[in-house]
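# Structure at a glance
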Amino acid sequence: MNTSTHEIPFTETTIIPVNGVDLEVFEAGRENAGNPIVLCHGWPDLAYTWRYQIPALVAAGYHVIAPNQRGFGNSARPDNIVDYDIEHLTGDFAALLDHFGYESATFIGHDWGAFIVWSFTLLYPHRVDKVVALSLPYLARGEMPWLNFMEAVLGSDYYFVHFNKQPGVADAVFDADPARFINNLYRRDEPLMPPKPGMALIEIAQGDSPLGEPLLSESDLAVYDSAFKHSGFTGGINWYRNLNRNWHLLADADPVIHQPALMIYGLRDAVARSEHLSLFVPNVEEISFDSGHWVQQERHSETTSAILEWLARTPAS
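Computed from a prediction, not measured in an experiment: that's the story for all the values here.

When helices and strands are counted, the chain shows 14 helices and twelve strands. In summary, the chain has a C-alpha radius of gyration of 18 Å against a globular reference of 20 Å for 317 residues, a match within 12%. By its C-alpha atoms, the chain is 50 × 45 × 40 Å across when sized along the principal axes. Relative to its full complement of 317 residues, the chain shows a buried share of 55%. Intrachain contacts of the chain at a sequence separation of at least 6 include 74% that bridge at least 24 residues. Surface accessibility of the chain: about 13200 Å² in total, with carbon and sulfur atoms responsible for 52%. Both charge centroids of the chain, one from 19 positive and one from 40 negative side chains, sit 2 Å from each other.

Written as structure tokens, this is what we have:
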């Protein structure tokens, strides 16, 4: 992943032992030590997703820390499914702060990375100064475990449920041709379509005529293809296989995010926006861009500018 895209150099990588695993960590802006910002990718993604934001954050005075989380890239891939639960994933970030000697930092997360950031803020509130979430709003815990609720409302073919009900099936499909799956999934100007029967992500992975236009250049796609040929997809999918376990693990946490937060949506993202976000995140600002799911890549200039502007005028909690 030491490569470049659109003449934006990506940062150096180091393997750092934290919380019982080795993480591949991309770091930039050491000259800004004392002003940390941690970037948390989602699924199926990599720290490389932040290639547009990293140079701007460094120029704005931040020490940027962007790991490939467990299960991704050259980071560790434990065999045990529960090693990907929210205690382990948030524990990685707590240990990463310890490694760099930081008590707290600003956290930015996209997709599943946003879920981890929201959860980290609940479990380690004293270690989070500000939160920026992209695509995935705060997920209220509710009375029913999340997977049970999703199956009741969205059916057994919904991909969260499918990953749990049919372990290994989707993994094998995605592993068979990572470049095809990623290229079909990472699209721009993709029209919103009504859901179809079947497991949507398997349909995407095997599709011959993806909608919209490719989001990734050939060199970008090569980075993803190489990374997922090395790691496979199972480690990342195991995040989903802990969703009900996470529901139980978060039971005793204060459900309110007290830190200042910025929520960024894509208007054409299939992930639903929250209509009542401020009930659980009272200090939140919400903005939207004409974008699909991969807003930090598809609308990278607008997204980066919005993040920098919000960070500059928002005091930490």
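Still more ground to cover, so stick around.
With an omega of -15 degrees, the peptide bond running from W43 to P44 counts as cis. Its location among the elements puts P44 in the loop between β5 (36–40) and α1 (53–59). One non-glycine residue, D111, adopts positive backbone phi at about 60 degrees. The topology assignment puts D111 in the loop between β7 (105–110) and α3 (112–123). Overall, the relative accessible area of 9% leaves D111 in the buried class. Although it is not a glycine, S135 sits at a positive phi angle of roughly 75 degrees. Note on placement: S135 falls in the loop between β8 (128–134) and α4 (146–154).

It is worth spelling out the packing of aromatic side chains at this point. Two descriptors summarise a pair of aromatic rings, namely the distance from one centre to the other and the angle between the planes of the rings. Per the counting criterion, the structure on display carries 31 aromatic pairs. Note on W43 and F163: the rings are 5.6 Å apart at their centroids and 80 degrees apart in plane angle, and the pair reads as edge-to-face. Pair noted here: W43 is in the loop between β5 and α1 and F163 is in helix α5 (residues 159–165), with a separation of 120 residues, a long-range link. According to the relative accessible area criterion, W43 is buried, its value standing at 4%.

Along β5, five of the five residues are buried, which leaves the element largely enclosed by surrounding structure. The side-chain alternation of β5 yields two buried faces, one formed by P36, V38 and C40 and the other by I37 and L39. Summarising the sheet, β5 and strand β6 (residues 63–68) pair through three bridges and their orientation is parallel. Residue pairing across strands places I37 opposite V64, the latter belonging to β6. Since β5 and β6 lie parallel, the crossover through α1 that links them has a hand, and here it is right-handed. Examined bridge by bridge, β5 and β7 share four bridges and lie parallel to one another. In the strand pairing of β7, L39 is matched with I108.

The predicted coordinates of low-pLDDT regions are not to be read in fine detail. Scored by pLDDT, the chain comes out at a mean of 94, with 97% of its residues at no less than 70. Ignoring residues within four places in sequence, the model shows residues 1–8, a span with pLDDT below 50, making 29 contacts including any to other chains.

Packing of helix α2 (residues 86–100) against α3 brings their axes to within 9 Å, and their N-to-C directions diverge by 75 degrees. One way to sum up the angle between α2 and α3 is to call them roughly perpendicular. When α2 is examined against α3, the residues I86, L89, T90, F93, A94 and L97 are found in contact with a partner set consisting of F115, I116, S119, F120 and L123. Of the residues in the contact of α2 with α3, the class split is nine nonpolar, two polar and no charged.

What follows deals with the sheet that holds strand β12 (residues 284–289). Strand order in this open sheet of eight strands is β3-β4-β6-β5-β7-β8-β11-β12, and the pairing throughout is mixed. Each of the sheet's edge strands pairs with one partner strand only, and the pair in question is β3 (12–18) and β12. Strand after strand, the sheet turns through a mean of 25 degrees between neighbouring axes, direction not considered. Alignment of strand β11 (residues 261–266) against β12, held across six bridges, turns out to be parallel. Bridge pairing in β12 links Y265 to S288. With respect to the sheet, α2 is in contact with β3, β4 (21–28), β5, β6 and β7, its orientation differing from that of β3 by roughly 110 degrees. Packing against the sheet, α3 makes contact with β5, β7, β8 and β11, and its axis sits at approximately 145 degrees to β7.

Rules used in this analysis
Residues numbered from 1 in each chain as written. Predicted model: local features only at pLDDT ≥ 70, side-chain atom pairs only at ≥ 80, totals over all residues. Heavy atoms only, no water. Helix = DSSP H or I, 4+ residues; strand = E, 2+ residues; numbered from the N terminus. Rg over C-alpha atoms; globule rule 2.2 N^0.38 Å. Buried < 20%, exposed > 50% of the residue type's maximum accessible area, 1.4 Å probe, protein only. Contact = heavy atoms within 4.5 Å. Areas by Shrake-Rupley, 256 points an atom, 1.4 Å probe, with all protein chains shown as cover. Lys, Arg positive; Asp, Glu negative; His and termini not counted. Charge placed at Lys NZ, Arg CZ, Asp CG, Glu CD. Phe/Tyr/Trp six-rings, centres within 6.5 Å; stacked < 30°, edge-to-face > 60°. Pairing = 2+ DSSP bridges. Right-handed = clockwise from strand over helix to strand, strands pointing away. pLDDT = per-residue confidence, 0-100. Axes fitted to C-alpha atoms, helices over the stretch in contact; angles between N-to-C directions. Parallel < 35°, antiparallel > 145°, perpendicular 65-115°, else oblique. Nonpolar A, V, L, I, M, F, W, Y, C, P; charged D, E, K, R; others polar.

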